[in-house]
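Structural overview
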Amino acid sequence: MSLLENTFQLKARGTNVRTELLAGLTTFLTMAYIILVNPSILGQTGMPPAAVAAATCLAAGVGCILMGMLANYPIALAPGMGLNAYFTFTVVKGMGIPWQTALGLVFISGVLFLILTFAGVRKLIVNAIPRTLFSAIAAGIGLFIAFIGLKSAGIVTGNPATTVGLGDLHSPGVLLALLGLAIIAVLEVWKVRGGILIGIVVTSLIGWGLHLAQWSPQPYSVAQMTATAFQLDIPAAFGIGGKGLGLALIEILFVFVFVDLFDNVGTLVAVSTKAGLVQPDGTIPRLNRILFADATATVVGALAGTSTVVSYIESASGVSAGGRTGLTAVVTGLLFLAALFVAPWAQAIPAAATAPALILVGAMMMAPLADIDWKDPVVSIPAFLTLIAIPLTFSIANGLAFGVIACAVLKIAARRIGREDWLLLLLAVLFIARFAYMAGA
């Protein structure tokens with residue numbers, strides 16, 4: 001216990017080992033879906049799904065443990081949703097690039113992350129974001145994960161006439177999710193420690209007992225990871241010994257680096273704010289260590305056989321369960337490593353049990369909105385655009401882009417721009433260039 005106290009400073013952050021263990025388990029349960037979802041997406045490139053499942057567990061486990069031990073933050077890492085789809089449908093299937101070459105590009109992007117981190121560029125970018133946007137980013141991501149939870153539960157579905165609509169409330173899965181939502185909400189009202197985790201477990205037990213949870217495990221062995229481990233083709237990524245990628249190389253690396261950078265920034269800000277780890281002056285302690293952990297995890301992931309590793313916003317569920325230190329992330333990482341041996345079984349927890357946790361965590365992340373000066377348009381307009389764009393565009397990076405651009409424009413219009421804002425202006429220009437590129441792609 002004394003070793004854990006000295007390593008993670010539990011008392012200083014108002015937590016204890018039991019709370020951190022529960023928080024780590026809660027985080028794992030809310031993001032364990034990636035163990036099967038990632039192979040189902042990357043498997044469409046021709047990569048063996050079982051090997052990708054193992055690589056996913058390894059990359060997530062290493063990333064989480066690095067984050068906990070190096071940075072002492074309750075932030076979990078795993079192969080990112082969105083970037084895995086870009087890897088599959090744009091790079092491999094769209095451009096016709098072999099998956100081995102695409103993994104080489106992921107590896108190169110990870111090395112670039114490390115270089116940018118050691119050079120202090122990533123830290124400069126994070127610190128250039130106006131502190132007033134931090135609250136909007138945190139709340140916007142809260143809406144984002146609540147929307148993901150509602151969609152995963154089937155409470156909200158697609159509707160061609162209105163874009164979204166109410167799901168089938170007679171569906172057993174939806175009813176189970178609503179029951180889970182009620183259970184977790186009541187436990188939170190009663191201030192039960194570990195209420196989110198208890199709610200997930202109780203809802204799962206009800207789902208299994210009533211045969212409402214559908215799950216079909218597939219044959220699996222850790223040894224299958226050799227089908228993707230160290231199969232990346234770095235020379236081909238540079239066009240050595242074969243057809244050069246030319247501008248495509250720059251385009252792919254740009255997306256891997258840019259999207260990962262700003263998605264990570266948004267997640268980092270949101271989780272750090274919710275955990276109370278942001279300093280009064282708005283700085284985030286040990287920022288370079290945090291960035292080093294996710295960059296290293298991406299390199300490890302590419303070597304193991306998976307797409308870019310990013311910070312997961314589901315980490316907020318662990319923070320809501322009381323997690324305040326890196327011990328939460330280490331526990332999550334150890335559970336991912338344990339899942340290496342039983343990867344398909346990690347999905348025994350039904351989505352109807354974890355979705356309510358995401359919905360309520362999203363609700364809890366609305367609190368920072370009280371810190372925004374809504375009467376000042378230079379502050380409130382960028383904050384609102386960030387808040388609304390994150391869930392409606394399904395992208396943390398897009399929401400951050402709208403906020404930064406609006407903040408730069410309005411600061412100039414109000415003559416409140418200073419020399420210290422040079423990087424803010426540069427970021428605004430880069431975001432505009434990104435939107436221009438996306439429009440022309």
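Anything mentioned here points back to the structure above.
Conventions we followed
Residues numbered from 1 in each chain as written. Predicted model: local features only at pLDDT ≥ 70, side-chain atom pairs only at ≥ 80, totals over all residues. Heavy atoms only, no water. Helix = DSSP H or I, 4+ residues; strand = E, 2+ residues; numbered from the N terminus. Rg over C-alpha atoms; globule rule 2.2 N^0.38 Å. Contact = heavy atoms within 4.5 Å. Areas by Shrake-Rupley, 256 points an atom, 1.4 Å probe, with all protein chains shown as cover. Lys, Arg positive; Asp, Glu negative; His and termini not counted. Charge placed at Lys NZ, Arg CZ, Asp CG, Glu CD. Disulfide = S-S within 2.5 Å. Buried < 20%, exposed > 50% of the residue type's maximum accessible area, 1.4 Å probe, protein only. Patch = residues over 30% accessible without salt bridge, like charges linked within 9 Å, V, L, I, M, F, W, Y side chains within 5 Å. Salt bridge = Lys/Arg side-chain N within 4 Å of Asp/Glu carboxyl O. Polar contact = N/O pair within 3.5 Å; in protein donor to acceptor, adjacent residues only side chain to side chain. Expected span 1.5 Å × (residues − 1). Phe/Tyr/Trp six-rings, centres within 6.5 Å; stacked < 30°, edge-to-face > 60°. Core = buried A, V, L, I, M, F, W, Y, C linked by side-chain atoms within 4.5 Å.

Okay, the overall build of the protein chain next. Broken down by element type, the protein chain carries 19 helices and 4 strands. For 441 residues, the compact-globule formula gives about 22 Å, and the C-alpha radius of gyration of the protein chain, at 21 Å, lands near that figure. Seen along its three principal axes, the alpha-carbon backbone of the protein chain occupies a region of about 60 × 60 × 60 Å. Across the protein chain, every contact between residues at least 6 apart in sequence was considered, and the portion connecting residues at least 24 apart equals 81%. Summing over all exposed atoms, the protein chain offers an accessible surface of approximately 18,100 Å²; the carbon and sulfur share of this is 69%. Once the 21 positive and 16 negative side-chain charges of the protein chain are each reduced to a mean point, those two points are 3 Å apart.

Following the criterion strictly, the structure yields 0 disulfides and no others. Cys57 forms no disulfide, and the closest cysteine sulfur to it belongs to Cys64, at a distance of 11 Å. With a relative accessible area of 0%, Cys57 lands in the buried category.

Here the focus is a nonpolar patch on the surface. On the surface, a cluster of nonpolar side chains totalling about 530 Å² of accessible area is made up of Val186, Val189, Trp190, Val192, Ile198 and Val202. Those elements giving two or more residues to the nonpolar patch turn out to be helix H9 (172-189) and helix H10 (195-209). Overall, Ile198 belongs to the partly exposed group, its relative accessible area being 37%.

This brings us to the side chain of Thr30. Tracing the backbone through its elements, the reader meets Thr30 in helix H2 (residues 17-31). Residue Thr30 is classed as buried on the basis of its relative accessible area, which comes to 1%. Of the polar contacts made by the side chain of Thr30, one reaches the backbone oxygen of Thr27; its length is 2.9 Å. Polar side-chain contacts of Thr30 include one of 2.9 Å to the side chain of Ser317. With sequence-adjacent residues up to four places away left out, Thr30 is seen in contact with Ile200, Glu314, Ser317, Thr354, Ala357 and Leu358.

Let's shift gears to helix H17 (residues 377-392). For H17, with 16 residues, the first-to-last C-alpha span of 22 Å sits near the 22 Å given by 1.5 Å per residue. Residues of H17 that are buried make contact with helix H8 (131-153) and helix H18 (396-413). For H17, the N-terminal cap is Asp376; the gap from its side-chain oxygen to the backbone nitrogen of Val378 is 3.1 Å. Downstream of H17 by one or two residues, Phe394 has phi in the positive range, about 60°.

This part takes up the packing of aromatic side chains. Tallying each qualifying case throughout the model produces 5 aromatic pairs. With centroids separated by 5.0 Å and ring planes inclined at 90°, the aromatic side chains of Phe144 and Phe394 adopt a geometry described as edge-to-face. Placement of Phe144 in helix H8 and of Phe394 in the loop between H17 and H18 is noted, with a sequence separation of 250 residues between them. Judged by its relative accessible area of 44%, Phe394 is partly exposed. Seen in terms of ring centroids, Phe402 and Phe435 are 5.3 Å apart; in terms of plane orientation they differ by 40°. Their pairing is tilted. Of the two residues, Phe402 is situated in helix H18 and Phe435 in helix H19 (residues 422-440); the sequence distance between them amounts to 33 residues.

The biggest cluster of nonpolar side chains holds 109 residues, and the ones touching the most others in it are Phe87, Ile141, Phe256 and Ile284. When residues of this core are assigned to their parent elements, the largest contribution, 11 residues, is made by helix H12 (residues 247-274). When residues no more than four places from it in sequence are discounted, the contact partners of Phe87 are Leu42, Thr45, Met47, Val92, Trp99, Ala102, Leu103, Val106, Phe256 and Ser307. In terms of nonpolar packing, the next biggest core, distinct from the first, is built from 8 residues, Ala153, Ala177, Ala355 and Ile359 among them.

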